[in-house]
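The lines below spell out each chain.
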Amino acid sequence: MNILGEIVFWVFVLLTIGSSMVVVFHSRIIYSAFALLFTFFGIAGLYVFLAADFLAASQVLIYVGGILTLIIFGVFMTTKITTLSIPQLTHHRYIALIPIGLVFYALVHMIFKTSWPVNVLDVGPTTQMLGQLLLTKYLVPFELASVLLLAALVGAMRLARMFREAD
Amino acid sequence: MTFNPTDLLAIAPEIAVLSLAILVIMIEVLISRSEEVLQGITAIGLLAVMAVSIFVRSTSANVFSGMVANDDFTMYLKVLLTGIALLAILMSKDYLKGKNFRVGEYYTLILLATVGMMILASSTDLVTMFLGIETMSIALYALAGFRSECSKSNEAAMKYFLLGAFSTGFLLYGIALLYGATGGKTNFADIGIAITAFGGDNPAPAYLYAGIGLIMVGLLFKVAAVPFHFWSPDVYQGAPTPVTAFMSAGPKAAAIIVFLRLFGWALPDMSIAWQPILGVVAAVTMVTGNIIALSQQNIKRMLAYSSISHAGYLLLAVIAAGTAGIRSDAAAGMLFYLVAYYLMNMGAFTVAILVSRARLDGDYQINNYQGLAANHPWIAGAMALFMISLTGIPPTAGFFGKLYVFSAAVKAGFIPLVVIGVLASAISAFYYLRIVVYMYMRPETAESSKDLKPTPAWKTIMIVCSILIIYLGVMPGMMMKLADSSSQKISSPNRVVTLK
């Protein structure tokens, strides 16, 4: 990777980590929601570095364009949520440090112990290959995803009507 | 590689259940909202699906490039899962009456959960496994919260959803790490081959272990094993009782089967790493589940803890499957155990619905069973049979289920675990047989002398479950032969697909 690419890479890394810290630690939910925008964007950038062009594009489209808009609308439509201050300190946080520390140690240990493959193959545009795979090898999962969505749709419809009837 | 239309025959049962789900919800919208019509169509449809599962077969062992298994073992599982859905639906109609439910949605969600379970039980690939788990779980989250007027039911749905979503995160993280560690394999058989390459100078990477551990956490949550069981008593108590019965039998069966397939068929070479961990989990699950069940006063919570301990017994079969040469024994034992567990659990929940309905406030206290035998000898007799079978006393199906699972574990050399299992079953006798004592040896109360008014559907369930439990307990030979012969030939499709 050339020096310019290196710089862009680290910009994306810092963007992702920095904004996800804001998501977790900010006490106003609206700030967290907007910070999530930059997290998703940063991750999309990292996908580009992994030569996953389709994944990066769909990350921007689905997460930034769809899910995040939904979250922000949800925040807007909830009364008083913009002024709501969410306590960031939780109960038993010193006890929680022990398992979290162990998990953190395990992850760091794992990252440094593993000899990660460094060369990313430049395969060019992946969209065509993905499309072919979805309709051949991954045909069943592809169709199953629609069954999953059907279940979610019927369940959501049921829950939504439940609240309307309760009014 | 092109699409082979005859592969569709292998997933014909799933397609049939899915079509039935769509049909039921469309009929509710367009033609009739009658409970009788909708339940009748669902029940007849499920009987047809059973026939489809048995008679429509594809001969190819490798369907859809190894995404799902196609063999006798899988076929029996599909029949079993359809049977679970069928009994849950039979149980539901009279329960739903007067509760102002949209029954079409209810039946559709049960059918969609069944599709998820069937996919899960037949999956031989991480992708289908994940989609199966999610389809099943999402339908169940909505079903758990179906009694919208009841705060306990809302709590159950919320708790189940939040913890379930969290466990999905673990599962997915684990799948990603396993995918990375095996060089981009998702097929169980391919993963097994990729793992044989490790060893000696080429040690398995640390994140392979992490991936296996995280997948284990995700699956243990689904089967409600200790320490990932906290959701299950509250969810079982809050959900509508037929849904609880369905949840305790179906999803548990589907999840434990994929556990067996993944760990026994894809990861046997890593068994040194996972067998001890699962061994500890199984021992703690068996002991904890049974001990907490002792102090329960609510029969739904008691059956929830009992189903936790049964997950522990089933985990013994998963552990045994990691030992070379034992895995088909373990699979056969598990199939038998699941059939037995399904029958006795569905039966017990049916009696629980009956008894609670006749009570003033419809509660599920165990005290309600006092003196039941005096007025309702048949119902009390059936309940006693279910309890004896759940304990694992011969001559019932529950005894042979435990016997086959335990003997597979003994063959694999896990004798201390089996000793713990037997002791835990002895503990379980206290709370299962307490109900029998209440029914037969306590004086009847004004409450318990009320007529329970069992409807034909409930009578049918109790009769069918009792007869089959006794049949499997007295003559287990035929079922065992089916389980044995089918588990010998569990397909493990093994074609490495290369990209051009």
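Small disclaimer: the values here were computed from a predicted structure and weren't measured. (Residues numbered from 1 in each chain as written. Chains lettered and ligands numbered in written order. Predicted model: local features only at pLDDT ≥ 70, side-chain atom pairs only at ≥ 80, totals over all residues. Heavy atoms only, no water.)

**Some points on the overall build of chain B**
Within chain B, the secondary structure is distributed over 19 helices and 0 strands. Computed over C-alpha atoms, the radius of gyration of chain B comes to 22 Å, within 12% of the 23 Å expected from 2.2 N^0.38 for 500 residues, which places it in the range of a compact globule. Seen along its three principal axes, the alpha-carbon backbone of chain B occupies a region of about 75 × 55 × 40 Å. Here chain B holds 500 residues, and 64% of them are scored as buried. Nonlocal contacts in chain B, meaning residues at least 24 apart in sequence, comprise 82% of its contacts between residues at least 6 apart. Counting 30 positive and 24 negative side-chain charges, chain B places the centres of these two groups 3 Å from one another. (Helix = DSSP H or I, 4+ residues; strand = E, 2+ residues; numbered from the N terminus. Rg over C-alpha atoms; globule rule 2.2 N^0.38 Å. Buried < 20%, exposed > 50% of the residue type's maximum accessible area, 1.4 Å probe, protein only. Contact = heavy atoms within 4.5 Å. Lys, Arg positive; Asp, Glu negative; His and termini not counted. Charge placed at Lys NZ, Arg CZ, Asp CG, Glu CD.)

**Structural notes on empty space enclosed by the protein**
By the definition in use, this model includes 3 cavities of 30 Å³ or more. Its boundaries defined by the atoms lining it, the largest cavity holds a volume of some 80 Å³. Here the lining of the largest cavity is built from residues that sort into 6 nonpolar, 3 polar and 3 charged. (1 Å grid on protein atoms, 1.4 Å probe; cavity = no way out; pocket = protein on both sides within 12 Å on 5 of 7 lines; lining within 4 Å. Points joined across faces, edges and corners; volume = space filled by probe spheres on them. Nonpolar A, V, L, I, M, F, W, Y, C, P; charged D, E, K, R; others polar.)

**Observations concerning the confidence of the model for chain B**
Residues and elements named next belong to chain B. Mean pLDDT over chain B: 88, with 95% of residues reaching 70 or higher. When the elements of chain B are averaged for pLDDT, helix 14 (residues 372-375) gives the smallest value, 84, and helix 5 (residues 126-144) the largest, 94. With pLDDT under 50 throughout, residues 494-500 is counted as low confidence; its partners more than four residues away or in other chains account for 12 contacts. For this predicted complex, the interface score ipTM comes out at 0.89, while the overall pTM is 0.91. (pLDDT = per-residue confidence, 0-100.)

**Focus: helix 6 (residues 151-181) of chain B**
Within an α-helix, residues lying three or four positions from one another point in the same direction, as the helix has 3.6 residues per turn. Between the first and last C-alpha of helix 6 of chain B there are 45 Å, a value that for 31 residues agrees with the 45 Å anticipated at 1.5 Å per step. G183(B) occupies a position one or two residues after helix 6 of chain B and carries a positive phi of about 70°. (Expected span 1.5 Å × (residues − 1).)

**As for the domain arrangement of chain A**
Residue and element names in this part refer to chain A. Assigned domains of chain A: these are domain 1 (3-136) and domain 2 (137-167). A buried area of about 450 Å², summed over both sides, lies between domain 1 and domain 2, and 67% of it is on carbon and sulfur atoms. Per-residue buried area on domain 1 facing domain 2 is highest for L133, L134 and T136; these three make up 79% of the total on that side. Tallied by class, the residues present in the side of domain 1 that touches domain 2 amount to 3 nonpolar, 1 polar and no charged. (Domains from an automatic or database assignment. Buried area = accessible area lost by both parts, 1.4 Å probe.)

**So, helix 9 (residues 231-238) of chain B**
Counting buried residues in helix 9 of chain B gives 7 out of 8 residues, a clear majority hidden from the surface. Check the buried side of helix 9 of chain B and you find it contacts helix 5, helix 6, helix 8 (206-223), helix 10 (241-266) and helix 12 (299-321) of chain B.

**Quick notes on the interface of chain B and chain A**
Contacts between the two partners involve 35 residues from chain B, matched on the other side by 25 residues from chain A. The contact between chain B and chain A buries some 2,800 Å² in all, and 79% of this surface belongs to carbon and sulfur atoms. Considering only the side of chain B, the residues that lose the most area to chain A are E105(B), L131(B) and Y207(B), jointly responsible for 17% of the buried surface there. The tally of links between chain B and chain A comes to 0 salt bridges. The interface formed by chain B and chain A includes 2 residue pairs in polar contact (both at pLDDT 80 or more). Elements supplying a minimum of two residues to the side of chain B that touches chain A: helix 1 (12-30), helix 4 (103-122), helix 5, helix 6 and helix 8 of chain B. (Salt bridge = Lys/Arg side-chain N within 4 Å of Asp/Glu carboxyl O. Polar contact = N/O pair within 3.5 Å; in protein donor to acceptor, adjacent residues only side chain to side chain.)

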